[in-house]
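In case you want the letters, here they are:
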Amino acid sequence: MSVVRLTLGYIPLVDAAPLIVAREIGFAEQEGLSLDLRPSPSWSTLRDLVALGQIEAAHMLAPVPVAMALGLGGMATRLDALCVLSANGNAVGVSLPLAERMRAAGHPFDFADAESAGRALIAAAGDRLRIGVPFPFSMHAELLYYWLGALGLEAPQALDVHTVPPPLMAEALAAGDIDAFCVGAPWGAAAVDDGVAELLLPTTSIWRFAPEKVLAVRHDWAEANPDLAARMIRTMWRAGRWLADRDNHVTASELLARPEYLNLNAELLERSLTGVQTISPRGEIRRTDGFLLFHAGAGGFPWRSQASWIAARLAARTGLDRAAADRAARQVFRTDLYRAALAGTSADLPGASEKLEGALHVPTEVASQTGTLILPPDGFFDGRVFDPSAD
Amino acid sequence: MSDRLSIVVVEKDRERALLIVDSLRAAGDHEIIVISEQTGLARRISERNPDVVLVDVTSPSRDMLEELTLASSPMERPVAMFVDRSDDSLTRTAIEAGVSAYVVDGLAPGRIKPVLDAAITRFQMFQRMRAELAATKRALEERKIIDRAKGLLMKARGLDEDAAYALLRKTAMDQGKKVAEVAEALVTAAGLLS
């Protein structure tokens, strides 16, 4: 197998770990790939670089390829998601004055119960709640709309969700431009360390298994290079499995902390990998199961029903036809390429390519190619179930 | 319809902003507004209701502009990133040069092209300047380290300056390395040994 050089773009976040680990621990090399990793200043620039063919693949917010398939956002090229790189990993944080009002009203900051946290937030916010997210097409935004919408806070009447680049989030909160934020690791923890925020809720508590980042490539590229796509899928599958092993968390955080990658304190990064978070400047600690997952259940299987959920939310929010949006979205999550890439490896794949989203409240056995496979809980906080085949 | 376009330039650096404005003026009689403030960027831009927004692709604030692609009220005009569908090389050239343009719905590509061409030329110049600056800095640093290595050799081996440099150059040639690399290794080793 000849060594092929590929350029992958990423945003310096903890969940870029599969790309970094693939390069540093040798999973890429094992597949005959030499990865050139290029950090990007913004999601829009990263998206454009893939869409215009300047780079082969990117660490991408799961809703971005779906939004592009729906014709939303600046660029309309079709991108495909080869695999899901990670699930969950974001946290909602509030400004200190808001946290103080919530505490005064009796909220315990348990960092676990989405319903009580949401009600306390709405009660303390006054007539308008302004929340910063990293990008308009992100799980951050979708989960906020889902969570607060279910509790009666309607956008845009009472809820403003605005884009603030994560490195500027703490500053925007301190300046009073926003009341709260939802960001990926390590920016939530960093805002706490800066003494400007308290963490209210991990997004895991809103949806237990939300597809967060995907590996995105241009559709044309995937069609023209099925072998390279397969090698990348296998590389990311092995990197994810390595990252899921607790014993590797220290090594992973040291790798990520390097100046050429995140250039941040390794201890701060380790908190996100282990799910043990400092939630307030006073040093209160909370542990979250499944805070950030790299390889749970079927690993990075890109469930079509996850794409459907994202499409349904985006379509409802932007007034697009739901059925058409759904058809476009499910083609983007390439379960076909994923299955082909991992056939003949030790990876066990589910028998179905879609599932009811939100139906599993405990780890559950489902039919797989070799027998049964255990899927992690994927429930929504309000107990609703999303059926991708329903109209 | 007049040919006059309303253009917003998002740029923090005042000098760069002035240079961009100059280039755009040369491309036509347009109304040009510079926004340097990052907070509330999307709101500031939609208040101005421009036809075209130009932004540096290396700026993290660029993501704030993506919101403008979703018009949230009937009064707002949705924008899209400028992509010439007949020929995406212009878009690619722009991104490579480091500038991206957001354009309101329905504006003819022919009206944007002169503006984008002017912006591309200017941003290419910024890139060249940045590359030249980095190269000059590197050359200066290399010279400093070579001087220190020469000094070390002169002292340790009792050589004169020319002989010290000749020795560095010969070693570099023998090892297939650059003179600066050999000098750096020597300076590092000397630091460890002292």
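Residues numbered from 1 in each chain as written. Chains lettered and ligands numbered in written order. Predicted model: local features only at pLDDT ≥ 70, side-chain atom pairs only at ≥ 80, totals over all residues. Heavy atoms only, no water.

Q: Account for the interface of chain B and chain A, with residues named and values stated.
A: Across the boundary between the two partners, chain B contributes 23 residues, which contact 26 residues of chain A. In this assembly, chain B packs against chain A so that about 2000 Å² is buried in total across both faces, 58% of it on carbon and sulfur atoms. The largest contributions to the chain B side of the interface with chain A come from Asp63(B), Glu67(B) and Leu70(B), which together make up 30% of the buried area. Summed over the shared surface of chain B and chain A, the number is two salt bridges. A salt bridge links Arg62(B) to Asp48(A); the shortest N-O distance between them is 2.4 Å. Run the count over chain B and chain A and you get eleven residue pairs in polar contact (both at pLDDT 80 or more). Counting residues per element, the ones that place at least two in the side of chain B that touches chain A are helix 3 (62-65), strand 4 (79-81) and helix 4 (89-97) of chain B. Of the residues forming the side of chain B that touches chain A, the biggest block, four residues, is contributed by helix 4 of chain B. (Contact = heavy atoms within 4.5 Å. Buried area = accessible area lost by both parts, 1.4 Å probe. Salt bridge = Lys/Arg side-chain N within 4 Å of Asp/Glu carboxyl O. Polar contact = N/O pair within 3.5 Å; in protein donor to acceptor, adjacent residues only side chain to side chain. Helix = DSSP H or I, 4+ residues; strand = E, 2+ residues; numbered from the N terminus.)

Q: Kindly report on helix 6 (residues 161-175) of chain B, identifying the contributing residues and their values.
A: Residues and elements named next belong to chain B. Between its first and last C-alpha atoms helix 6 spans 21 Å; for 15 residues at 1.5 Å apiece the expected length is 21 Å, and the two agree. Tucked inside the fold, the buried residues of helix 6 contact helix 5 (109-157) and helix 7 (179-193). The positive-phi residue at the C-terminal boundary of helix 6 is glycine 176, with phi of around 65°. (Expected span 1.5 Å × (residues − 1).)

Q: I'd like a description of the nonpolar core, backed by residues and values.
A: Residues Leu8(A), Trp147(A), Leu200(A), Met232(A) and Phe333(A) are the most contacted members of the largest nonpolar core, which totals 153 residues. It is helix 11 (residues 226-244) of chain A that provides the largest number of residues to this core, a total of ten residues. Core analysis: the second largest hydrophobic core is formed by 25 residues, Leu5(B), Ile32(B), Val115(B) and Ala118(B) among them. (Core = buried A, V, L, I, M, F, W, Y, C linked by side-chain atoms within 4.5 Å. Buried < 20%, exposed > 50% of the residue type's maximum accessible area, 1.4 Å probe, protein only.)

Q: Can you lay out the pairing of strand 9 (residues 197-202) of chain A for me, pointing to particular residues and giving the numbers?
A: Residues and elements named next belong to chain A. The buried fraction of strand 9 amounts to six of the six residues, a majority that puts the element mostly inside the structure. The pairing of strand 5 (residues 90-95) with strand 9 spans five bridges and is antiparallel. Residue glycine 93 lies in a different strand from strand 9, and its bridge partner there is leucine 199. (Pairing = 2+ DSSP bridges.)

Q: Can you explain helix 5 (residues 96-104) of chain A? Please cite residues and give values.
A: All names here are of chain A. Among the residues of helix 5, Leu98, Ala99 and Met102 are the ones counted as buried. For helix 5, the buried positions fall inside an angular range of 100° around the axis, keeping them on one side. Those residues of helix 5 that are exposed and angled more than 90 degrees off the buried face are Glu100 and Ala104. Of the surrounding secondary structure, the elements contacted by the buried residues of helix 5 are strand 5, helix 6 (114-125), strand 6 (129-133) and strand 9. Directly beyond the C-terminal end of helix 5, a positive phi value near 100° is found at glycine 106. (Arc of directions from axis to C-beta.)

Q: Go over the sheet that holds strand 13 (residues 292-293) of chain A with me, naming the residues and quoting the values.
A: All names here are of chain A. What the six strands build is an open sheet, ordered 2-1-3-10-4-13; its pairing is mixed. Whereas interior strands pair on both sides, the edge strands pair on one side only; in this sheet they are strand 2 (33-39) and strand 13. With seven bridges connecting them, strand 4 (residues 79-88) and strand 10 (residues 211-218) associate as antiparallel partners. By the bridge assignment for strand 10, alanine 87 is matched with proline 211. This element, helix 1 (residues 17-24), spans strand 1 (4-10), strand 2, strand 3 (57-61) and strand 4 of the sheet and lies at about 140° to strand 2. (Axes fitted to C-alpha atoms, helices over the stretch in contact; angles between N-to-C directions.)

That's the geometry; what it means functionally is another story.
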